[in-house]
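Examination of the molecular architecture
The primary structure of each chain is shown beneath.
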Amino acid sequence: MTETIQHDLPPPLDVKINRVAADAESTAGTHDVSMDTIVELCKRRGIIFPSSEIYGGLRGAWDYGPLGAALKDNVKAAWKRNMLQLRDDIVQLDAAILMHPRVWEASGHVAGFTDPLVECTSCNQRWRADHLEPNAKGEVYCPNCGAKDFSEPKQFNLMFRTFVGPTEDTSAQVWMRPETAQAMFVDFAHIQLTSRQKVPFGIAQVGKSFRNEITPRNFIFRVREFEQMEMEFFVRPGTDEQWHDYWIRNRWQWYIDLGMRPENLRIRDHAEDELSHYAKATVDVEYRFPFAWSELEGVANRTDFDLRQHSEFSGKDLSYYDQERDERYLPYVVEPAAGVDRSMLAFLVDAYREEEAPTAKGGVDKRTVLRLHHALAPVKVAVLPLSRNAKLVPTARQVNDVLKRRWATQYDDAGAIGRRYRRQDEIGTPFCVTVDFETVESDQAVTVRDRDTMVQERLPIDRLADYLGEHLTLD
Ligand code: ATP
């Protein structure tokens, strides 16, 4: 019996977190970087830009260009590594975005996934009522035209609807999922059986979700189409509070291990009246964005609400038989639910620095550098021949061909070498390898430059891959 109890409680996790009360001040204070600077950098380097821009864009939708897509992949890979690769008690799911419409009735989304919508009676712009900032006197004005009168708040459902098949009537109506979580609940019994996992165990999923936000804003912070990284951890009722605490600490540490500055991170408890209908307790992992402290991720104790609802609505028994305890119960669920886009924005903001750097001629230059964790950097190594001289190019190409088998590399021979270093700093490339005339004429060695220290080392080409393997921190 003692063994069983130990088996289904979380292991101790000695992680110190900064936990604040529900009503903690949300203003961000002075920040190293403005949102405009980040948006401009992302646009200039093709990292993130408005969707369908040549037609004027679509509000709340963004495209991730080559570097943005790579950075996004790296965020998701780091999450999957933490949730799946390093654990034996979580399995993965890749479920369909379109689900049976009853799912969203059972989950409470059809009735209650709403935000309060008001309309300015003067310019007819629509706003989310709880996002309108009152002034010092507590008065609220339309951010568009400055008028003071609004319609009564209406509850607006955030789910996008569409139709399956050729008829557009209510019998064919389905919803675009507003969260990935529900698939983990409706597939719970099937996955538990086929993966032979025992409670406590988790199901993790990364995928697109859609919310028809009334006022998308703050770049990729609040959008209408986004990606979530969610994990539902099924536990025995009675162990849920310990597991909730465990996952709060685990998730805090994930951001810290990926280089986030602890002073920009905090855990905020939800107030009683802020809790979702399914939650017994929730915290938000918040980041100090330039606009305010805001949610990166929610870690909720969802109780057995979802499994109970789906058992009832589907008529299928989703309870679990715990062999060791000889007990049948509906597991409780602890859910860390993170946003890929929001995490990416936080990692970009946190990594951004403007620094002074010495020039080759002994002067001082300014450089912008993204001090991204190596695991997140879209390019790990840049290979730069000193010039496009025909003597240098074949060797530089060869070096690049060898390195790209192991890491994401970028070959760049356009422009002055100093400018190329700056370009790589700006996208967070940890190492630049330069091929010069000595390389090909005498020593078969290259110069390796470190992004953060800007120290340059001379290394024989045949030591290069080992050196990078030792110096790139990819986990
Ligand atoms: P918010 O209160 O900011 O609307 P939420 O509490 O409704 O967010 P959850 O339902 O807990 O968000 O979703 C989990 C995560 O999904 C959020 O922490 C966030 O990172 C991400 N997310 C939710 N809505 C959006 C959105 N419109 N745009 C980008 N990411 C989002």
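What comes next concerns the included structure. On a predicted model such as this, the values are computed, not experimentally measured, just so you know.

Some thoughts on helix α11 (residues 393–403)
Regarding α11, the residues found buried are T395, A396, V399, N400 and L403. Projection of α11 onto a plane perpendicular to its axis shows the buried side chains occupying an angular sector of 135°, all on one side. Exposed side of α11, more than 90 degrees from the buried face: Q398 and V402 are the residues found there. Contact partners of the buried residues in α11: β20 (381–385), β21 (409–411), β22 (431–435), α13 (437–443) and α14 (461–471).

Topic: unusual backbone geometry
The omega torsion across V199 and P200 is 5°, close enough to zero to call that bond cis. As for its position among the elements, P200 is in the loop between α7 (188–195) and β10 (201–210). Here the phi dihedral of R196 falls at roughly 55°; this positive angle occurs in a residue that is not glycine. On the secondary structure map, R196 appears in the loop between α7 and β10. Owing to a relative accessible area of 72%, R196 belongs among the exposed residues under this scheme.

Remarks on the sheet that holds strand β12 (residues 265–269)
Overall, mixed pairing links the 8 strands, which are arranged β1-β12-β13-β14-β17-β11-β10-β4 in an open sheet. Looking along the sheet, the strands with just one partner apiece sit at the ends: β1 (19–20) and β4 (90–92). The pairing of β1 with β12 spans 2 bridges and is classified as parallel. Counterpart to R19 in the pairing with β12 is I267. Contacts between helix α8 (residues 240–257) and the sheet are confined to β1, β4, β11 (225–235), β12, β13 (281–288), β14 (293–303) and β17 (332–339), with β14 contributing the most and set at about 155° to the helix. Packed on one face of the sheet, helix α10 (residues 340–351) meets β10, β11, β13, β14 and β17 and runs near 105° to β11.

Details of the pattern of salt bridges
Taken as a whole, this structure holds 48 salt bridges when the rule is applied. For R45, the salt bridge identified is with E426, shortest N-O distance 3.1 Å. One end of the pair, R45, is in the loop between α2 (35–44) and β2 (48–50); the other, E426, is in helix α12 (residues 417–427), and 381 residues separate them in sequence. E426 shares its class with R45; the two are buried. R325 serves as the salt-bridge partner of E327, at 3.3 Å between the closest nitrogen and oxygen. Because the salt bridges share partners, they merge into one network encompassing E355, R367, R371, D425, R449, R451 and D452.

A word on the environment of E354
Relative to the elements of secondary structure, E354 occurs in strand β18 (residues 352–358). Since its relative accessible area comes to 55%, E354 is described here as exposed. Along the backbone, E354 and T368 are 14 residues apart, and their C-alpha atoms lie at a distance of 4.5 Å. Ignoring sequence-local partners within four residues, the contact set of E354 consists of T37, R367 and T368. Separated by 2.6 Å, the side chains of E354 and Y352 make a polar contact.

A short note on the state of the cysteines
As enumerated under the stated definition, the model contains 0 disulfides in all. Among the cysteines around C42, which has no disulfide bond, C432 carries the closest sulfur, lying 19 Å off. For C42, a relative accessible area of 0% corresponds to the buried category. Unpaired in this structure, C145 has its nearest cysteine sulfur neighbour in C120, at a distance of 3.6 Å.

Some words on the site of the ligand
As a matter of local geometry, the ligand sits amid 15 residues, with R211, E213, R222, V223 and E295 nearest to it. In the model, an oxygen atom of the ligand is placed 2.9 Å from a nitrogen or oxygen of the L296 main chain. Taking 590 Å² as the accessible area of the ligand by itself, protein coverage stands at 84%. When contributions to the shell around the ligand are tallied by element, the ones reaching two or more residues are β11, β14 and β17. For the shell around the ligand, the element with the most residues is β14, which contributes 4 residues.

With respect to the sheet that holds strand β6 (residues 126–128)
The sheet built from 3 strands is open, its strands ordered β6-β5-β7 with antiparallel pairing. Edge positions in the sheet fall to β6 and β7 (154–157), since each of these pairs with one other strand and no more. Direction aside, the axes of adjacent strands within the sheet are offset by 45° on average. Here strand β5 (residues 114–119) pairs with β6 via 3 bridges, running antiparallel. In the strand pairing of β6, V118 is matched with W127.

Conventions and cut-offs
Residues numbered from 1 in each chain as written. Predicted model: local features only at pLDDT ≥ 70, side-chain atom pairs only at ≥ 80, totals over all residues. Heavy atoms only, no water. Buried < 20%, exposed > 50% of the residue type's maximum accessible area, 1.4 Å probe, protein only. Helix = DSSP H or I, 4+ residues; strand = E, 2+ residues; numbered from the N terminus. Arc of directions from axis to C-beta. Contact = heavy atoms within 4.5 Å. Pairing = 2+ DSSP bridges. Axes fitted to C-alpha atoms, helices over the stretch in contact; angles between N-to-C directions. Salt bridge = Lys/Arg side-chain N within 4 Å of Asp/Glu carboxyl O. Polar contact = N/O pair within 3.5 Å; in protein donor to acceptor, adjacent residues only side chain to side chain. Disulfide = S-S within 2.5 Å. Near = heavy atom within 4 Å. Areas by Shrake-Rupley, 256 points an atom, 1.4 Å probe, with all protein chains shown as cover.

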